[in-house]
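Residue-level structural notes
As a plain string of letters, each chain reads:
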Amino acid sequence: MKISYNWLKQFIKIDWKSEETSSLLTDLGLEVEVVEKYQSIKGGLEGIVVGHVLTCVQHPDADRLKITTVDLGLEHPVQIVCGAANVAAGQKVPVATIGTVLYDKNGESFTIKKGKIRGQESHGMICAEDELGLGTSHDGIMVLDEALKPGTPASEVFNIENDEVFEIGLTPNRADAMSHLGTARDLRAGLLQRGVNVELITPSVSNFRVDMRTLKIDVNVEEPSLAPRYCGVTISGITINESPSWLQNRLKAIGITPKNNIVDITNYVLHELGQPLHAFDASKINGKVIVKTLPAGTKFVTLDDVERTLHQEDLMICDEKGPLCIAGVFGGKKSGVTDTTTTIFLESAYFNPVSVRKSAKRHQLNTDASFRFERGIDPSITAYALKRAALLIKEIAGGEITSDIVEIYQKKIEDFSVFLNFSHVSKIIGQEIPKDTIKKILVSLDIKVNSVSEAGLGLTIPAYRVDVQREIDVIEEILRVYGYNNINFSKKFNATVSNSPRTEDYKVQNTIATQLNSQGFHEMMANSLTTPSYATLSTLLKEEHNVTILNPLSNDLSVMRQSLLFSGLEAISYNINRKNSDLKLFEFGKSYHKFLNGYEEHKHLTLFVTGNRNKETWTNGAQSTDFFLLKGYVKGIISRLGIDKILNIPTQSDVFSEGAAIGYGHDTLVEMGVVKKSILKHFGIKQEVFYADFNWDLILKIITGKIKYTEIPKYPEVRRDLALLIDKNVTYDSIYNLAKQTEKTLLKDVNLFDVYEGKNLPEGKKSYALSFTIQDNTKTLTDTQIDKIMSKLQQNFETELGATLR
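Per an unreviewed UniProt entry, the protein is named Phenylalanine--tRNA ligase beta subunit, and its organism is Flavobacterium hydatis. Quoted verbatim from the Subcellular location (unreviewed entry) heading of the UniProt record, the comment on the protein is "Cytoplasm". Per UniProt, the protein has the following entry under Sequence similarities (unreviewed entry): "Belongs to the phenylalanyl-tRNA synthetase beta subunit family. Type 1 subfamily."

Moving on, we get to the sheet that holds strand E33 (residues 598–610). The strand order across the open sheet formed by seven strands is E28-E32-E33-E37-E36-E35-E34, and the pairing between neighbours is mixed. The open sheet has two free edges, formed respectively by strand E28 (522–523) and strand E34 (646–649), since each of these has just one partner strand. Note that E33 and strand E37 (residues 689–695) share seven bridges and pair antiparallel. Within the sheet, the bridge partner assigned to threonine 606 lies in E37 and is aspartate 693. Contacts between helix H15 (residues 565–576) and the sheet are confined to strand E32 (583–595), E33, strand E36 (667–675) and E37, with E33 contributing the most and set at about 35 degrees to the helix.

Our next topic: the nonpolar core. Within the largest apolar cluster, 75 residues are counted, with the highest numbers of intra-cluster contacts made by Ile262, Val269, Ile393, Leu420, Ile438, Leu442 and Val474. It is helix H10 (residues 382–397) that provides the largest number of residues to this core, a total of nine residues. What leucine 420 contacts, discounting residues up to four positions off in sequence, is Val425, Ile438, Leu442, Ala455, Gly456, Leu457, Leu459, Glu471, Val474, Ile475 and Ile478. Among the nonpolar cores identified, the runner-up in size contains 34 residues, and Ile285, Leu310, Phe351 and Val356 belong to it.

Quick look at the packing of aromatic side chains now. Scanning the entire structure with this criterion turns up 17 aromatic pairs. Each ring, one from tyrosine 230 and one from phenylalanine 351, has its centre 6.5 Å from the other, and the planes form 55 degrees; the classification is tilted. Residue tyrosine 230 is located in strand E14 (residues 229–236), and its partner phenylalanine 351 is located in the loop between strand E22 (343–350) and helix H8 (353–362); the two are separated by 121 residues in the primary sequence. With relative accessibility at 0%, the residue tyrosine 230 sits in the buried group. Linked through ring pairs, Trp7, Trp246 and Tyr268 together constitute an aromatic cluster. Directly above the ring of tyrosine 5 sits lysine 9, whose terminal nitrogen or CZ lies 4.2 Å from the centroid. Across the ring face of phenylalanine 371, the terminal group of arginine 375 is positioned such that the distance to the ring centre comes to 3.9 Å.

UniProt records the feature "domain: B5" (unreviewed entry) at residues 413–489, using the numbering of this structure. Between the end C-alpha atoms of residues 413–489 the distance is 41 Å, and the span holds 39% helix and 22% strand.

Let us now look at the UniProt feature "domain: TRNA-binding" (unreviewed entry) in the protein. In the numbering used here, UniProt assigns the feature "domain: TRNA-binding" (unreviewed entry) to residues 42–155. In this annotation, residues 42–155 is assigned 5% helix and 36% strand; the end-to-end C-alpha distance for the span is 12 Å.

Conventions and cut-offs
- Residues numbered from 1 in each chain as written.
- Predicted model: local features only at pLDDT ≥ 70, side-chain atom pairs only at ≥ 80, totals over all residues.
- Heavy atoms only, no water.
- UniProt positions renumbered as here; feature names shortened; annotations may be inferred.
- Pairing = 2+ DSSP bridges.
- Helix = DSSP H or I, 4+ residues; strand = E, 2+ residues; numbered from the N terminus.
- Contact = heavy atoms within 4.5 Å.
- Axes fitted to C-alpha atoms, helices over the stretch in contact; angles between N-to-C directions.
- Core = buried A, V, L, I, M, F, W, Y, C linked by side-chain atoms within 4.5 Å.
- Buried < 20%, exposed > 50% of the residue type's maximum accessible area, 1.4 Å probe, protein only.
- Phe/Tyr/Trp six-rings, centres within 6.5 Å; stacked < 30°, edge-to-face > 60°.
- Lys NZ or Arg CZ within 6 Å of the ring centre and 35° of its normal.

Next up, the structure:
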């Protein structure tokens, strides 16, 4: 937000330097990010002086040039070669002296230098108005008042506006400060706190009166909840023209390009008081003005020549034939003010902030008006701002006020009531502020003190302070005006140590992230917003389960993701397209679901592995990643988390061409596998991608128990091997589970270290070489005990699985 210092001084008479004022505004919470210089004429006519043309003769070598001698108020006159047809002796003219910097129409600078033109010396330039930025004419040089004294600086002859503009980084909650009046109101409070007694001067509208009642336009508000207050007045006999220079300078200083006097006045009042206004060409209004919503699908052409399709919730300003304007957002092309307009209907209203914001976002329109309406303007100045604008229009554009102000205000927007407890102020701020100082600060902020007691103050907060509705908000107002820098810091240092559990989510995440980083993984963070079409890539995902965004930025970001797989594949595709194809990524994130019983969020940890394991070197060739590498990473995470009693179960997910899952109890802990080629094709990925999806919510639930540990065994473990000939359909899992059931106490581990299929084996058979680790934690095992266990294992393998020893 830009604030003109000269404009601000119309509200508060202050002679502070801009640096001091910007510092105070920043202390008050209106952070001044930069202070820029503004000049109504670029360069400020510096180096331009009044010259008196003493002589003017024809250039001997050029028909269109003349040689002049000009008195610049110096000891001797100077010679200047001029090409203007209207230059003549006796004239007073503006002269750019040697070294003066001028600017062309594109803003590019050039410097006046001593030179020769067709053999004749020239010591300056006699200027036309467009060369000085004083107009657009280039028909000839400017001829000034004969009474002017030679050598007088041109900046003293012409009214040059020199201003300083504050660029304020306004926070969204400070809707009350979105104008010069609002900023001045805060500045006054800050000055009073610092002992500078100033008055807030507001524009007078006491001269407002109806000239004649010849054009009344009735107003009907059909949606009072969306337009609580609506005012309008007609002004006839106006002349559309350029605005006066003072008005143009005010707007240019804050970055607004002047258009015509009517539009400029509405913009001026908007930035002066914070009240958006809109002017309709009254001749284009059919019947009365109706404030209502229209059926969905209604077409409407806005001022920017774009045809827009209306939503059924868009509040519209209409006449009896159709829409004229999107309320609080943007005007319509057919009802706007043009160069031929002579009569206007001027609107000033308070629109529902939520309604305006939805319409603005829906149609992707961000205007100065919507910016203010959607944050909440002052409902008490609606009619005042209308009178202010009407008086300016009469003054600048002529015309007469031809109707009473039509006002629809069915239910007044009330101020807020808050009780401020003095003890709470001291407790929150950490320092006792005198009660008189508190009252003084509140009054300076237009907060009424209704009652005073030993305990506190009964307050009424003006309705325009939408950010001050609770006691804590009032305390914040007191503190920012009192000054954060005025709060004393205690020399005593206090610290608290909270008892944070070992299994707190962020701690567990950090532990696993550190492990994955050490294994070459990179953490990624994908957007939770995604495209709805991804739900069609898996039968387990349903489009009706999508959590849809009401006002999406685009269709590709219109729903919350149901799976972390697709956002991960987007990242992989992005990297592969940039020649980075060997990837190991992980992400902690959430999936979002809409079910019949409500919305749900599920936390996940996902792993992605693709490309080669290591970069190819002269000593090592490229080796592709595979499923078992991913499985090793998964098992490492489970081991690091201290989770045991896991089960190998089939995966239920259809995103894998091959996959497996690990269960815990009746729940699935992690699913992993090779992503289907049909899914990869959707993302333009041609290489294999291995993916694992952990149920992080289940992990946190599992690890919240007490830490369990076992001592290092004192007695040795024993390994025995078996080579079994088994049917091809017998899995390692079935052998592992049968071995564990056979010897539950002493059998510590079963490992498959060799698989053979091929020659010298019967058809339909395969050979598994297995190792069995046996250990007793209480004593050393004897050969007899070990042989008995192995004999029992062999017998059960033969009986249950049809295995034979090789």
